[in-house]
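Per-entry structural report
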Amino acid sequence: MKTILNVIWLLLCGLWMAIGYVVAGIICCILIITIPFGIASFRMANYALWPFGRTVVRKPTAGAASMIGNIIWLIVAGIWLALGHIATGLALCITIIGIPLGIASFKMVPVSLLPLGAEIVPTDQQIPGGAPTRI
């Protein structure tokens, strides 16, 4: 079932959302100091292409640098990517078939706002410490 949802997701909105993350990642990789933001953006692009069967887990060991980086990310790119997920989620929820995809898009908003200190793992992988956000 998750493969079918992933294929529908990819065709309807996954490709466009991934392109948004890749563009943000390329812009972030222009300067050396923002390369960690670019890497996080590329991770999110991969997740935006194929989200079902994977989940986001917050790392409890993420420190102050991750928090400061998330604040910078939020201002520079996070708000725009989150608005993209919200608009996509609303558009997908217009039809009954699109409702599960819209919900998945809404669940990606928190990690698009604050990607540093988060890890994307398969849903069947056990994670010690840290509660997963299911998608």
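Keep in mind that what you see is a predicted model, and the values were worked out from it rather than measured. (Residues numbered from 1 in each chain as written. Predicted model: local features only at pLDDT ≥ 70, side-chain atom pairs only at ≥ 80, totals over all residues. Heavy atoms only, no water.)

Our focus in this paragraph is the nonpolar core. Core analysis: the largest hydrophobic core is formed by 26 residues, its most contacted members being Trp 9 and Trp 73. The set of elements that each furnish at least two residues to this core consists of helix H1 (2-28), helix H2 (35-49), helix H3 (64-92) and helix H4 (99-107). Per-element tally for this core: the top contributor is H1, with 8 residues. Excluding residues that lie within four positions of it along the chain, Trp 73 makes contacts with Ala 24, Cys 28, Phe 37, Ser 41, Gly 78, Leu 81, Ser 112, Leu 113 and Pro 115. (Core = buried A, V, L, I, M, F, W, Y, C linked by side-chain atoms within 4.5 Å. Buried < 20%, exposed > 50% of the residue type's maximum accessible area, 1.4 Å probe, protein only. Helix = DSSP H or I, 4+ residues; strand = E, 2+ residues; numbered from the N terminus. Contact = heavy atoms within 4.5 Å.)

Attention now goes to the packing of aromatic side chains. A full pass over the atoms with the stated rule returns 2 aromatic pairs. Between Trp 9 and Phe 52, the ring centres sit 6.2 Å apart and the planes meet at 85°, which makes this aromatic pair edge-to-face. Highlighted residues: Trp 9 in helix H1 and Phe 52 in the loop between H2 and strand E1 (54-58), separated in sequence by 43 residues. With respect to burial, Trp 9 and Phe 52 carry one shared label: buried. (Phe/Tyr/Trp six-rings, centres within 6.5 Å; stacked < 30°, edge-to-face > 60°.)

All right, on to the side chain of His 85 then. Assignment of secondary structure puts His 85 in helix H3. Judged by its relative accessible area of 0%, His 85 is buried. Within polar-contact distance, the side chain of His 85 engages the side chain of Tyr 21 at 2.7 Å. Here His 85 is in contact with Met 17, Tyr 21, Ser 105, Phe 106, Met 108, Val 109 and Ser 112, once residues within four sequence places are set aside. (Polar contact = N/O pair within 3.5 Å; in protein donor to acceptor, adjacent residues only side chain to side chain.)

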